Amino acid sequence: MSLSEQQVKEIAYLARLSIDDGEVEQTTAELNNILGLMADLAKIDTQGVSPMAHPLNMSQRLREDEVSETDQFEAFQAIAPQIGQSHFLVPTVIE
Amino acid sequence: MMHKLTVAELSKGLKNKEFSSVELTEHFLARINHSDLNAFITVTDDLALNQARAADEKIANGSAGILTGIPYAHKDIFCTIGVKTSAGSKILDPFISPYDATVSHKLNSADMIMLGKANMDELAMGSSNEKSYYGPVKNPWNKNKVPGGSSGGSAAAVAGRLSPFATGTDTGGSIRQPASLCGITGIKPTYGRVSRYGMIAYASSLDQAGPLTQTAEDAALIMNVMAGFDDKDSTSVDRTVPDYTKNLGNSIEGLKIGLPKEFFSQGLDSGVAETVMAAVKEFEAMGASVQEISLPNSAYAIPTYYIVAPCECSSNLSRLDGVRYGYRCEDPKDLEDLYLRSRSEGFGPEVKRRIMIGTYALSAGYYDAYYLKAQKVRHLISEDFKKAFQDVDVIMGPVSPTTAFDLGAFKDSVSMYLADIYTLSLNLAGLPGMSIPAGFSNNMPVGLQLIGNYWSEELLLNAAHQFQGQTDWHAQMPEGV
């Protein structure tokens, strides 16, 4: 499988990365070069093999639903790019 | 000469009042500030000296622990309260963490001295440390060569004796490969052994932290602090931590070593192969037995890793969007522009490539062919190891197919990915591994890789320590140090 320039633009957008028209050709070539590595995988028979989601085959640990975090409101606001009235500010979404 | 001492020796020196922690810290800070290796992103002079003064007080009043007052370099991937944690990326250049990683907390609690934050490939993606937003790190053995990556700053700092030890993280070889290329000792523990809390995630099912040191003994001392269950990391394993120094002196007579034939086939530099085999012979001379084994699916580790890791990173890095912390573009015209430009301006080219590969491999219609297939092959790779460990105690081989390469030698991603061939499979399986200095080829260090079964860090450290008792490769230093 190899990617078209149009597909690369779509993938970039899905990942919320902008890609200049001048970069599309090179990026497509680079990504296709990487995907070329993956072609070998098709050679392996994985019929009946279960996917490995976790190295230790552990299940998710559960805990009591108790408050364990302290309030760090000010510390988190202090490192934000833009705040106002206790919110993280972004450009207007709804007029 | 203090900088040439190991952590174990420094610990004795501090205890015997041969020098103070402040003297030690000033000595290393001066070395860092005169160094041209670019091993550090941030040097924390004031913080280090404050920590050293507190450590000296504890030493004076008799409440010091074994590692009180020992300085270290902290990979810039671990969150540190009040100190920039950039992970080598422009997108986190403004990020000052409001909390400490568990590893940072543990080292602080052991009264250790953070000299600064070590340089690294951007967001731990790279094998040469050339992908850092803060510029490449130089290999102390030859400044035209790379130190390896992604923990390149950590490895260069220890090899250049700018720090007695350093922390690192290893997702596909990022502790072992730079340790090998810089001629030092590094251990990647079993997945789940060291807490990932506050360690900026690259690929969460593969990432694991460990120390880079001069010796296996030092690695054992640091592992005693770093390892252990953490409630804050849902993948941390609740399992007793042994005293890793306790069995270092055990004989390795009868140790069964397996050499995977796939690790010695084409692509391996002949000088590296000879050096590795000479080290294996040394183990034989100490009473170990050696047999050939097979890891038939190991060649597939590259495509498998380069699907699994990008998939996880594309998901993990979606949080870096310019809204709550980190870099934000100038004057975004709307929310979408904010996301697109903050991320495009903030991430470097290699990170973007991996995000895009992961986004593609997880997208509808391609998931089965890429991600699901890779997770199945991952299972096969892990089964290969399981079978091998029925017959042998430790697997040995090269860490990297070559010694350190020239800065700028690799023009494209794929050729650099191929150099990760011997390290990736352990991470996919979750197994522990080490690199220890095994000799030199063309005047550059060569590492020997030791791979153990799950939770066998003690045995790996024991075998490495015994080897270091018979050889002095680990004590070699670059010229001028």
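Residues numbered from 1 in each chain as written. Chains lettered and ligands numbered in written order. Predicted model: local features only at pLDDT ≥ 70, side-chain atom pairs only at ≥ 80, totals over all residues. Heavy atoms only, no water.

**Re the overall build of chain B**
The helix and strand inventory of chain B stands at 15 helices and 11 strands. In terms of overall dimensions, chain B is globule-like: its C-alpha atoms have a radius of gyration of 21 Å, near the 23 Å expected for 481 residues. The C-alpha extent of chain B, read off along each of the three principal axes, is 65 × 55 × 45 Å. Put simply, chain B has 481 residues, and 67% of those count as buried. Pairs at least 24 apart in sequence give 76% of the contacts found in chain B among residues at least 6 apart. When the accessible surface of chain B is split by element, carbon and sulfur atoms take 48% of a total near 15500 Å². (Helix = DSSP H or I, 4+ residues; strand = E, 2+ residues; numbered from the N terminus. Rg over C-alpha atoms; globule rule 2.2 N^0.38 Å. Buried < 20%, exposed > 50% of the residue type's maximum accessible area, 1.4 Å probe, protein only. Contact = heavy atoms within 4.5 Å. Areas by Shrake-Rupley, 256 points an atom, 1.4 Å probe, with all protein chains shown as cover.)

**Comments concerning the interface of chain A and chain B**
Note on interface size: it is often stated as the accessible area lost on association of the parts. Listed by partner, the interface residues are 49 residues for chain A and 68 residues for chain B. Summing both sides of the interface, chain A and chain B together bury roughly 5100 Å²; the carbon and sulfur share of this comes to 71%. Three residues stand out in chain A for area buried against chain B, namely Leu41, Met52 and Arg61 of chain A, and they jointly supply 14% of the buried area on that side. At the boundary of chain A and chain B, one finds 1 salt bridge. Close ionic contact of Arg353 of chain B with Glu30 of chain A constitutes a salt bridge, the shortest N to O distance being 3.0 Å. (Buried area = accessible area lost by both parts, 1.4 Å probe. Salt bridge = Lys/Arg side-chain N within 4 Å of Asp/Glu carboxyl O.)

**Details of the confidence of the model for chain B**
Averaged over every residue, the pLDDT of chain B is 97; the share at 70 or more is 100%. Here the predicted complex scores 0.97 on pTM and 0.96 on ipTM. (pLDDT = per-residue confidence, 0-100.)

**A word on unusual backbone geometry**
All names here are of chain B. The omega torsion across Gly149 and Ser150 is 5°, close enough to zero to call that bond cis. When you line up the elements, Ser150 lands in the loop between strand E3 (113–118) and helix H5 (152–159). At Asp111, a position not held by glycine, the phi torsion is positive, near 65°. Taking the relative accessible area as the measure of exposure, Asp111 reaches 16% and is therefore buried. With a phi angle near 65°, Trp455 is a residue other than glycine that sits in the positive phi range.

**A short note on the environment of Ser163 of chain B**
All names here are of chain B. Structurally, Ser163 can be placed in the loop between H5 and strand E4 (166–170). For Ser163, a relative accessible area of 0% corresponds to the buried category. Placed 48 residues apart in sequence, Ser163 and Leu115 show a C-alpha to C-alpha distance of 7.8 Å. Setting aside residues no more than four positions away along its own chain, Ser163 makes contact with Phe28, Pro71, Tyr72, Ala73, Leu115, Ala157 and Val158.

**A few points about the side chain of Lys352 of chain B**
Residue position: Lys352 of chain B is located in helix H11 (residues 349–362). Buried within the structure, Lys352 of chain B lacks any salt-bridge partner; its nearest side chain of opposite charge belongs to Glu23 of chain A, at an N-O separation of 5.4 Å. In this structure the side chain of Lys352 of chain B is engaged in a polar contact, spanning 2.8 Å, whose partner is the backbone oxygen of Ser344 of chain B. Each residue touching Lys352 of chain B, except ones within four places of it in the same chain, is listed here: Leu17 of chain A together with Arg343, Ser344 and Phe347 of chain B. (Lys, Arg positive; Asp, Glu negative; His and termini not counted. Polar contact = N/O pair within 3.5 Å; in protein donor to acceptor, adjacent residues only side chain to side chain.)

**Some details on the pattern of salt bridges**
Two side chains carrying opposite charge are able to pair once their charged atoms lie near each other. Applying the stated criterion to the full structure yields 14 salt bridges over all chains. A cluster of three or more residues bridged by salt bridges with shared partners is formed by Glu30 of chain A together with Glu350, Arg353 and Arg354 of chain B.

**Description of a nonpolar patch on the surface**
All names here are of chain A. Judged by side-chain polarity, Phe76, Ile83 and Phe88 come together as a nonpolar surface patch covering roughly 250 Å² of accessible area. One can find Phe76 in helix H3 (residues 73–78). Given the relative accessible area of 38%, Phe76 is considered partly exposed. (Patch = residues over 30% accessible without salt bridge, like charges linked within 9 Å, V, L, I, M, F, W, Y side chains within 5 Å.)

**A look at the packing of aromatic side chains**
The geometry of two aromatic rings is summed up by the distance between their centres and the angle between their planes. Across all of its chains, the model carries 14 aromatic pairs over all chains by this definition. Ring pairing ties together the aromatic residues Trp141, Phe440 and Trp473 of chain B, which thus form one cluster. The aromatic ring of Tyr13 of chain A is capped on one face by Arg16 of chain A, whose charged end is 4.2 Å from the ring centroid. (Phe/Tyr/Trp six-rings, centres within 6.5 Å; stacked < 30°, edge-to-face > 60°. Lys NZ or Arg CZ within 6 Å of the ring centre and 35° of its normal.)

**Quick word on the side chain of Thr403 of chain B**
Position of Thr403 of chain B among the secondary structure elements: in the loop between strand E9 (394–398) and helix H13 (413–418). Classification of Thr403 of chain B by relative accessible area gives buried; the value is 16%.

**So, the nonpolar core**
Residues and elements named next belong to chain B. The biggest cluster of nonpolar side chains holds 172 residues, and the ones touching the most others in it are Leu123, Phe283, Phe385, Leu448 and Leu450. The element that contributes the greatest number of residues to this core is helix H9 (residues 301–316), accounting for 9 residues. Beyond its immediate sequence surroundings of up to four residues, Phe385 is in contact with Leu295, Ile395, Ser425, Leu426, Ala429, Leu431 and Ile451. (Core = buried A, V, L, I, M, F, W, Y, C linked by side-chain atoms within 4.5 Å.)

**A few points about the pairing of strand E2 (residues 71–75) of chain B**
Where a strand is regular, its side chains alternate between the two sheet faces. Residue and element names in this part refer to chain B. Counting buried residues along E2, 5 of its 5 residues qualify, which places the element largely inside the surrounding structure. Burial of the side chains of E2 extends over both faces: Pro71, Ala73 and Lys75 are buried on one face and Tyr72 and His74 on the other. Bridge analysis of E2 against E3 gives 5 bridges, and the strand direction is parallel. Bridge pairing in E3 links Pro71 to Ile113. (Pairing = 2+ DSSP bridges.)

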